[in-house]
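A closer look at the structure
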Amino acid sequence: DGSDDNEEGSAVENEETVKGTGRKRATPRTRRGHARGRDRHGDEEDEDDEDESRRAGHRRHRNRRRGRAAGNEASDSDMEPAKARKNQANQKSKEDDEEEEDEKGGKSGKDKNEKKVDKKADKKGKKEKANKKKKDKKKSGSGSDSESEEEPITEEELAKLKEEVEEKKKLIATLRNKPWKMKKKLSVLKEAQLFVEKFEGALGKGKGKKFYAYKVMMTKKWMKFQRDFENFKTACIPWEMKIKEIESHFGSSVASYFIFLRWMYGINMILFGLTFGLVMVPEALMGKPYGSLPRKTVPRAEEATAMNFATLWDFSGFAQYSVLFYGYYNNQRTIGWLKFRMPLSYFLVGVGSIGYSFMIVTRTMAKNANDDGGGDDTSFNFSWKMFTSWDYLIGNPETADNKFASITTSFKEAIVEEQESRKEENIHLTRFLRVLANFLALCTLAGSGYLIFFVVRRSQQFALEGLENYGWWERNEVNTVMSLLGMFCPTLFDVISSLENYHPRIALRWQLGRIFALFLGNLYTFIIALMDEINLKARYLLSFTMFDIYLGNVRTSKEKIVKYNMTIWEASLYNGTIPENSTAPPIQVDPADVPRGPCWETMVGQEFVRLTVSDMMTTYITILIGDFLRAVFVRFFNYCWCWDLEYGFPSYSEFDISGNVLGLIFNQGMIWMGSFYAPCLPAINVFRLHTSMYLQCWAVMCCNVPQERVFKASRSNNFYMAMLLFILFLSTLPAVYTIVSIPPSFDCGPFSGKTRMYEVISETLEHDFPSWFGKVFGYASNPGLILPFILLMVLSLYYLNATSKSYKEANLELKKKLQ
Amino acid sequence: GAMGGSASLIPRDLLSEYQELTFLSKQEILLAYKRFSELLPKEERESACFARVPKSNILTLPELRANPFQHRICHVFSTSEHGDDSMSFEDFLDMLSVFSDSATSDIKSYYAFRIFDFDDDGTLDRKDLEQLVNCLTGQGEESRLSSAEMEQLIHNILEESDIDKDGTINLSEFQHVVSRSPDFASSFKIVL
């Protein structure tokens, strides 16, 4: 009959758990929550009680089937006579309840539980009685009958009751952590829920009843909301199926790249939202339209070619004089009927993007650091290989075979390595080779830096002589060279590293470090050359006027010249006289004809946009040629080729995780650097990441094979994050420097006319906030206040570092004690 | 996906209880229900909540197909009284919950221990470890380790992990070792 089945079922279940937890009472048991009153027994109560009770009478079996909460068993097993009688009475009444349900129920405990749920309302009366008596048993020692609903509850009992309700709630919350079977968990949950429900109502009696009930209801609603929100958030995550497919084919290390890509996509979406919603859209909707101001109009000279595809692809012409770039924005303090503060918004969005990026990268790093556990690398080498090397996400037999092979190899290698670790042969040769390898790597880096500098200089020459005289290569030389360097140098580093003979994980670190240095060097060389170019252009113009050519004064001098030229030009409109107190109405001039001042911010923005676009193109073409065409070639020409293309050279390509991740990181660095000058950059990047995801997913599934050496570089997760943080810091340095130290162009952008960009803040404080606010701000930004604050932060950093060190030491001590 | 229909086959109360008791989200539970009922013959699909799926069907799931521990996984999570390692829907949910992304490392290591304990005696002794290594190195003869290598390997493992030097690894030693691994939680994962 049904009850017998269930007996067996729970018996088997409990035996399993007994075996599983081993002879030593291990941690899962100790974590079972118990009411505080029962500290007479150790934490093994649960299992012991259940075992005992199974061997005890039939009556108790019926109750065990429901797996009543811990308290029940405990009090059953250590029954004092008075309680025993009460318990028996309770059990009888419970049996009556259950017998009823038995008859109506089906075979499995599941049914009974369901029906229990359905009939909860009906049975509530009976259950209340049963639960009340159960509560009696839980209270150790205080077996009074004063808990009936009508009698007043004393403060002490109220507190105890609250405690127990909290315990039950904690039990419910941690139930999923218990290694029990679902049946048992379900019954414990139901019981605990009934208890909580019943006694939360009872607790409400007395002072503050209504408030308590309200609080309870709000907590419930909040938890339900949280759970629904979690579900919603999980449903919103894009590309989950794609990544899962890749995981099952290639293992988790390749999939980690795509997860990283998706995370970057999220960040860029937010940056895009900020720049689009708070900068581009307001200017487009509420700012002065195209053609109304000189800065917003294509100059007459360029008008003819402004709409050509070539010009637009190069981001000049109409693209340049639009909301996409810094130069378009007007410096009006407020625009439109909403009085939207455009310059303030531009400034705050720029600073806010940087701040948000820092925050989220640091937060992710901290989360990863927590997960890592901070143990040392080599103490459990073999055990980890044994217990954690299989990747359970693999669902593809071919990948599984590769994984088997790599595990075998890694076992054999580790055994051999451990045996050989005592032998130290030929240190000197190894050292020499390593020094040689580093020297070669340095040469490569220096060479690539020089190449970029040279190419940028050449492009300046071309610009001076007019770009129309040159073909496509000369126009795009800089970008192409940078992308090509980024493609070939890492391979070169790979070849060099074969000299070094390091353990693969260490070799990977060196490789990543060198690639990092390469990209960084390239980027900064590029910027320096760019700055140089800007100054050079200005210098060239000035050379005709014989003004002072100090680097610092170059731009301001240039601007003075242009301003002078403009006043002269205006004067020419008034037929040669320069009116000092002119009362004549200004002559209407078409904005396209007005001479323009230099706008270096837009220029810089354009350069970054061009770089991003060309990088995107290079990546896609590399994938198509390097992976796809190669795979097609290997597949179809294998029949008519002398050697086996699939196993020899070139064979199918493997997915290069580190190269791709670094590429992603550096592109993000460029976005961060340039988005202050070109608000369109996050938008372009979002588009780029979106298409990248689809293209690379397709390429990986179609053209790549699972890696032969499947070793986990999971520690590299935080390494990539650290690099990202470093890049973020370096990328924001130029923008911050320009905001603080360089005067904005006088003729374009939202900060034109100010001496420094950050003055928009003080202007806002003056106009839009009450005067006392400005005073407070003035006091707060006093160096006398800021320096002590910085000192305080440094001290707290030192303190936290010291405590973390002491925790680590304590950890090590404990480890040693365990051994 | 076409999960709308299956939502009506799990009662809402039960669904919320499953959410409470496992690390799975609502969509994951519904997807699990869908995949589980696909393993049943057509007639039994309506009552998938109460049916048991024989082991051979479970092993056809792509997530388990290539796994060298497939038999152990079915055995550990099965609550079948007949010892045939058949799984009910709740067993299936239990399994997915332990292997899900949000499960704690403690519960994962507990079940990993159960899975590796081939003879179900509560400890990992030499025989268990040998069987474990053979599972990991695949089925082919060339890929197996020689007996000398096996000896050396097991010796090294016991030296590292067996703290009380009794020649076997028990649950707490296992959890101590595995919780320090950065790879464990991310590799001990199955997602439908």
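Residues numbered from 1 in each chain as written. Chains lettered and ligands numbered in written order. Predicted model: local features only at pLDDT ≥ 70, side-chain atom pairs only at ≥ 80, totals over all residues. Heavy atoms only, no water.

Taking an unreviewed UniProt entry as the reference, chain B is identified by name as CIB1 protein belonging to Struthidea cinerea.

Quick reminder of the rule: UniProt positions are given in the numbering used here, feature names are shortened, and annotations may be inferred rather than shown by experiment.
Under the annotation held in an unreviewed UniProt entry, chain A carries the name Transmembrane channel-like protein and is attributed to Struthidea cinerea. UniProt lists a comment for chain A under the heading Sequence similarities (unreviewed entry), and it reads "Belongs to the TMC family." The annotation that UniProt attaches to chain A under Subcellular location (unreviewed entry) is "Membrane".

**Focus on the side chain of Ser653 of chain A**
Residues and elements named next belong to chain A. Condition: Each helix is a run of DSSP H or I of at least 4 residues and each strand a run of E of at least 2, with the numbering of both proceeding from the N terminus. For every residue, the accessible area (1.4 Å probe, protein chains only) is compared with the maximum for its type, and the residue is labelled buried under 20%, exposed over 50%, or partly exposed between those bounds. Nitrogen and oxygen atoms within 3.5 Å of one another constitute a polar contact, given that in protein one can donate a hydrogen and the other can accept it, and given that sequence-neighbouring residues count only through two side-chain atoms. Contact between two residues is taken to exist if any of their heavy atoms lie within 4.5 Å; hydrogens are not considered.
Following the sequence through the fold, Ser653 ends up in strand β1 (residues 653-654). With a relative accessible area of 6%, Ser653 lands in the buried category. Among the polar contacts listed, one links the side chain of Ser653 to the side chain of Asp627, at a separation of 2.9 Å. Within polar-contact distance, the side chain of Ser653 engages the side chain of Asn704 at 3.0 Å. Dropping the residues within four chain positions of it, Ser653 is found in contact with Asp627, Arg630, Cys703, Asn704 and Val705.

**Things to note about the pattern of salt bridges**
Note the following rule: The rule for a salt bridge is simple: a side-chain nitrogen of Lys or Arg has to be within 4 Å of a carboxyl oxygen of Asp or Glu.
Overall, the coordinates contain 24 salt bridges over all chains when judged by the stated rule. Among the salt bridges present, the one from Glu17 of chain B reaches Lys190 of chain A, with a minimum N-O distance of 3.0 Å. Linking Glu17 of chain B in helix α2 (residues 12-21) with Lys190 of chain A in helix α10 (residues 182-203), this pair reaches from one chain into another. No difference in accessibility class separates Glu17 of chain B from Lys190 of chain A, as the two residues are buried. Among the ionic pairs, Arg610 of chain A bridges to Glu607 of chain A, the shortest N-O distance being 3.1 Å. Placement of the pair is Arg610 of chain A and Glu607 of chain A together in helix α23 (residues 600-637), with a separation of 3 residues, close to one helical turn. Overall, Arg610 of chain A belongs to the buried group, its relative accessible area being 18%.

**Regarding the nonpolar core**
Selection rule: What is meant by a nonpolar core is a set of buried Ala, Val, Leu, Ile, Met, Phe, Trp, Tyr and Cys residues, joined one to another through side-chain atoms within 4.5 Å.
Core analysis: the biggest nonpolar cluster contains 98 residues, and Phe258 and Val609 of chain A have the highest contact counts within it. Leaving out residues up to four positions away in the same chain, Phe258 of chain A has contacts with Ile243, Ile246, Phe655, Met693, Gln696, Cys697 and Val700 of chain A. Of all hydrophobic cores here, the second largest spans 86 residues; its members include Tyr392 of chain A together with Ala48, Val76 and Phe92 of chain B.

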